[in-house]
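These are the residues of each chain, in order.
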Amino acid sequence: MRISIIGSGPGGLYLGILVKKVRPDWQVELFEQNQADDTFGFGVVFSDETLGEFLSRDPESYAMIADAFAYWDDIRIRYKGHDIHCGGNGFAGCARLKLLQILQARADAVGVESHYGVSIDPATIEQRFAQSDVIVAADGTNSRIRDAYAAAFEPVISPTRNKFTWMGSTRPLSDFTYFFRETPHGIIVAHCYQYDRDHSTWVIETTPECWAGNGFDTMDERQAARALEAIFAEDLEGHPLLVNRSLWRNFPRISCRRWTHGRIVLLGDAMATAHFSIGSGTKLAMESAIALADALVEHEHDVPAAFDAYRENRATAIEITQHNAAVSLAWFEHVACSWDMPPQQFAMMVMSRAKSITWDNLELRDPAFLAAVEDDFYRNYAAETGIDVAAERPTPMFTPLKLRGLTIPNRVVVAPMAQYLATDGVPGDWHLMHYGARAVGGAGLLYVEMTCTSPEARITLGCPGLWNETQEAAWKRIVDFAKANSGAKLAVQLGHAGRKASTQLGWEAADHPIADPALNWPIVSASNLPWLPGESQAPAELDRAGMNAIVADFVAATRRADCAGFDLLELHAAHGYLVASFLSPLTNQRSDEFGGSIDNRLRFPLELFAAMRAVWPQAKPMSVRLSATDWREGGLGEDDLVAIARAFKDAGCDLISLSSGQTVPDQSPVYGRMYQVPFSETVRNEVGIRTLCVGAITEPGQVNTIIACRRADLVALGRVHLTDPNFALRAAAWYATRAVAVPKPYLSGAAQLMRETAKTRAKQADLQQKAKSPRHKHTDAVSVAAVRNS
C-alpha cells in the first residue's frame, strides 16, 4: 500500500510512524510546506491517559517524549488575590518544536519518506498522487485540501466569540495555572503551563469587548505582549512574555459531516478541533492517527472499509471531546457571570466547567480541595439562609431550599414524566403507586406529569387533567398519600398540548395523530402550522376568544391544584406545546400584537401566567418550564432565553425550569451528559432567578457539582427515577448523611443501606486509586526538580 500524508503535525507524523512500524513494506511518504524546524506556538499538553496510549503503541517514541516533558500534578487557580490548588491531575507539558523533532526522528528511523518545504496544490492532488492508495489530509486548521473539497467533506467552521493569543514566557511554573485578572474593560485569563526547564506556555483570552477596550485591536504582537506583561505583572514575577506569530484571533470550532472523499481522508485539526481550554487538540490528532493506522492495517485490501472503521472508532470520542470543549469555552466566554463567587466556589467552577469532573471525581483527586469547597459552601449557605449545616455536612444536594413559604427539604427533584395511563383524565392506582414510591424514595420535590386543563388540551387520550372534580379528588388522594408518608413536596405542571395534541401514546407512534380518525379532536396553536406536514392536523390559529377560554381553563385548573394540595405550580411553556408555540419564532408567524418581536411573542404567555398567579396562593411558589433553545437555526437563542426568563421573573415567577428543544420535529440537538445545565447557569446568573435543570443527569456527584457551582438550585432526574425510585435515599447513603426522611417501616432497610454503602464506597475508592494511570516520571530528574522547586 502507498500512503501519502499531507502535513507533518503530530497527527500526520504519528500516523506515518505507526503504519510504517507495522507494515515496513508499505510506502509511506509525508509532505510539509514548512521546513522541518519551523513551528508556531510554544508548548503542548498531554494527560496521563494519553501518555499511556503512546506507551502502548510505540514505546520508542514514548521514551523520547518522556525524556522531554515537564510533569505536574496540581491545577492552580489565581483569583482575586487567592491561590487555590487542586491535586490529582496528571499532566505533562512538552515544547511543540521538541515534540515535532522527536516524531520526525522516529519517522525517519522507521522509514517514512519525509519531504519538507513542499507545498501541495489541492487542485492537482488527484493527479500528483495518482499511484497512492490513501491520501491523508493532515494539513491543519486552515486545511487547503478540506476547503478545496468542501462540497464533499461539508465542514462546519464556527469561530468562537473570545479573542485569544498564544505566547510563551521564561517564568517557571510548578503547576498548570489559570491566572484571572480584571481590567476596567473586563476579565482576562491566562492558561499557563511549563513545557521545559526554562519556558512556559501562556494562552491568553478575553472577550472581544475587553480586547478592544484595552486597545489590543490596534497593537502588533510585541505591543500586545508588553501590555499583557503589565496586566499580569504580579503573575509573571518579572519574566517577559515571548511571541512567535502570537496574533490575536478567534478559535475556530471545526467539524466535518464526512471525513473521506474517494482516496482522501481527513486527520487532526483539518477534521475536528477542540478548544484549547481542555488541552485536547494534539491528543485528538494523535489518537485519531492511532485509529486510522489500526483501520488501514486491519483492512489493508479494502480502503473504503478502513475509512468506515476509522469513523466508527473515532466519531463518538471526537463528538464527546468537542462537546466538552464547547461547554468549557462557553464558561470562559461568560466568566463574568461567576466573578462574584467566593474563591473556593469559583475554583470548583473552574475545575468542573466541562462537566467531565464532578464532586465525586474531585474527592478522589484531592479530598482536601473538596473539603475546602464544601466548607465554603456551608458558610455561604448559612449566611444566605440562616441555616447552619456545617456540622452535619450533608453535601450541597441535601440542603433545603426555600421558595416563598415553601421549604423543599433537598435539591433532588423527580422530573415530570408522562405515564399515559389516565382514564378520561383521571389518575388511578398506577399513579398512586408511581408517585407514592418516588415520594418515599427521598426526593425533595416531586413533579407529577403534565396535567391538562381541558380534554382538548391533552397530548394523548392517556394524559391526566384537572378540569373536573373527579380529577381533583384523584390528585388529592395521591398528594395526601405522598405527604403523609414522606418529606417530599408536590408540584403540578399545567399545560396545553397545542399543535401536538390528539396524538398517540408515548410507546406507540408518539407525536403522530391517533390511528383511529374518529378519536382525534380539533387542535389550536399560535399559528396555522402542523407538527408533521402532510400528516398532522393543521391547528387553528388561536384567536382572542380562544385565548380567553384557554386562560379561563388554566385559572380553573390552578384553583383545583391548590385544593388538591399541591405545593408548587408550574406553567408548561416548553417543548412546542401551546404556550411555547407563542414564544418561538419557528412556530409563531403571527402578524398581530402576539407575533413578531420577543415582547409581542411574550404577550399571551405573560397574560396567562399573571391570571394563574392571581389565584394561586401568594405563599406558594410558581415556576415556568422553558425550552432554552429550539436546536434549529432561526429558533430561540440565548438573548431570547434571557429576555423570556426576565419577563417571567418580573411577573412573579419564582423558579425557571430549563429544558430544550421539541419545538419542531427537524431539530438538531447536541446531547451529552448534563447537556442542558449551561442554559440553567445562564438564566440563574444573568437573570438572578432560581433555576431547575434537567437532562442526562444520572449521578449524585453530578447533582452535587451543579448545586455547589451555582449552575442550578434544583436538579431534576427523569429516566433515572423511572428505574430507581430510591435514587435520593441511595445518594444519602453514599454521602453518609441522614438528611433524607425515611418512612418508619423502611428504617431498618435504610440503616442496612447506610452500612453496606459505606463498605462499597471504601472498596471502590481503593480500586480507583489502584487503577489510576501511573505517573510518567521517566523525565530527567534535574528537569523535574527544576520545575518542582520553582
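Structure: see above.
The rules we used
- Residues numbered from 1 in each chain as written.
- Predicted model: local features only at pLDDT ≥ 70, side-chain atom pairs only at ≥ 80, totals over all residues.
- Heavy atoms only, no water.
- Pairing = 2+ DSSP bridges.
- Helix = DSSP H or I, 4+ residues; strand = E, 2+ residues; numbered from the N terminus.
- Axes fitted to C-alpha atoms, helices over the stretch in contact; angles between N-to-C directions.
- Contact = heavy atoms within 4.5 Å.
- Buried < 20%, exposed > 50% of the residue type's maximum accessible area, 1.4 Å probe, protein only.
- Polar contact = N/O pair within 3.5 Å; in protein donor to acceptor, adjacent residues only side chain to side chain.
- Core = buried A, V, L, I, M, F, W, Y, C linked by side-chain atoms within 4.5 Å.
- Parallel < 35°, antiparallel > 145°, perpendicular 65-115°, else oblique.
- Left-handed = near helix turned anticlockwise from the far one by under 90°.
- Nonpolar A, V, L, I, M, F, W, Y, C, P; charged D, E, K, R; others polar.
- Expected span 1.5 Å × (residues − 1).
- Arc of directions from axis to C-beta.
- Patch = residues over 30% accessible without salt bridge, like charges linked within 9 Å, V, L, I, M, F, W, Y side chains within 5 Å.
- Areas by Shrake-Rupley, 256 points an atom, 1.4 Å probe, with all protein chains shown as cover.
- Salt bridge = Lys/Arg side-chain N within 4 Å of Asp/Glu carboxyl O.

Draft legend 1. Quick look at the sheet that holds strand S29 (residues 714-717). Read around the barrel, eight strands follow the order S20-S21-S22-S25-S26-S27-S28-S29 and close on themselves; strand pairing throughout is parallel. Mean inter-strand twist for the sheet, computed between neighbouring axes without regard to direction, equals 25°. By the bridge criterion, five bridges tie strand S26 (residues 622-627) to strand S27 (residues 655-659) in an arrangement that is parallel. If you follow Arg-625 over to S27, its bridge partner there is Ser-657. Packed onto the sheet, helix H16 (residues 429-439) meets strand S20 (412-414) and strand S21 (445-452) and runs at close to 155° relative to S21. Contacting strand S25 (568-573), S26 and S27, helix H21 (residues 638-650) runs over the sheet at an angle of about 165° to S26.

Draft legend 2. Region of the structure containing the side chain of Asn-162. Position of Asn-162 among the secondary structure elements: in strand S10 (residues 155-169). Residue Asn-162 is classed as buried on the basis of its relative accessible area of 4%. Reaching out from Asn-162, the side chain makes a polar contact with the side chain of Glu-205 at a distance of 3.0 Å. Beyond its immediate stretch of four places on either side in the chain, Asn-162 contacts Glu-205, Thr-206, Thr-207, Pro-208, Arg-249, Asn-250, Phe-251, Phe-332 and Glu-333.

Draft legend 3. Representation of the nonpolar core within the structure. The biggest cluster of nonpolar side chains holds 122 residues, and the ones touching the most others in it are Ile-77, Phe-180, Phe-346, Phe-566, Phe-648 and Ile-656. Ranked by residues supplied to this core, first place goes to helix H18 (residues 544-564) with eight residues. Apart from residues lying up to four places away in sequence, Phe-180 is in contact with Ile-77, Arg-78, Ile-188, Val-189, Trp-331, Phe-332, Val-335, Trp-339, Phe-346 and Val-350. In this structure, Phe-46, Leu-100, Leu-292 and Val-303 belong to the second largest nonpolar core, which totals 68 residues.

Draft legend 4. Representation of the packing of helix H1 (residues 10-22) against helix H4 (residues 96-110) within the structure. Close contact between H1 and H4 brings their axes to 9 Å; oriented N to C, the two are set at 25°. Looking at the two axes, H1 sits roughly parallel to H4. Note that H1 runs across H4; the crossing there is left-handed. Contact residues: Pro-10, Leu-13, Tyr-14, Ile-17, Lys-20 and Lys-21 in H1; Arg-96, Leu-99, Leu-100, Leu-103, Gln-104, Arg-106, Ala-107 and Val-110 in H4. In the contact of H1 with H4, the residues fall into nine nonpolar, one polar and four charged.

Draft legend 5. Inspection of the pairing of strand S13 (residues 199-206) at higher detail. Across the eight residues of S13, seven count as buried, placing the element largely inside the fold. Bridging between S10 and S13 involves seven bridges; their strand directions are antiparallel. For Ser-169, the partnering residue across the bridge sits in S13 and is Ser-200. Pairing analysis gives eight bridges linking strand S12 (residues 186-196) to S13, with the strands arranged antiparallel.

Draft legend 6. Molecular detail of helix H17 (residues 469-485). Compared with the 24 Å implied by 1.5 Å per residue over 17 residues, the 24 Å span of H17 between its first and last C-alpha is a close match. Every buried residue of H17 is listed here: Gln-471, Glu-472, Ala-474, Trp-475, Ile-478, Val-479 and Ala-482. The arc that holds the buried residues of H17, viewed along the axis, is 165°, so those residues lie on one side. With respect to the buried face of H17, the exposed residues turned more than 90 degrees away are Glu-469, Thr-470 and Ala-484. Looking at the buried residues of H17, the elements they touch are H16, S21, strand S22 (489-495) and H18. One side-chain oxygen at the N-terminal end of H17 lies 3.2 Å from the backbone nitrogen of Thr-470; it belongs to Asn-468.

Draft legend 7. Focus on H21. Compared with an ideal rise of 1.5 Å per residue, which puts 13 residues at 18 Å, H21 spans 18 Å between its outermost C-alpha atoms and is within 8% of the ideal. Gly-652 lies just past H21 and shows a positive phi near 110°.

Draft legend 8. Seen up close, the sheet that holds strand S4 (residues 70-72). Read from one edge of the open sheet, three strands run S3-S7-S4, paired in antiparallel fashion. Bordering the open sheet on either side are strand S3 (43-47) and S4, each of which pairs with just one other strand. Neighbour-to-neighbour, the strand axes of the sheet open up by a mean angle of 25°, direction not taken into account. Here S4 runs beside strand S7 (residues 91-95); their pairing, made up of three bridges, is antiparallel. From the neighbouring strand, Ala-70 faces S7, where its bridge partner is Gly-93.

Draft legend 9. Local environment of a nonpolar patch on the surface. On the surface, a cluster of nonpolar side chains totalling about 440 Å² of accessible area is made up of Leu-421, Trp-430, Met-433 and Trp-507. With respect to the helices and strands, the residue Trp-430 is situated in helix H16.

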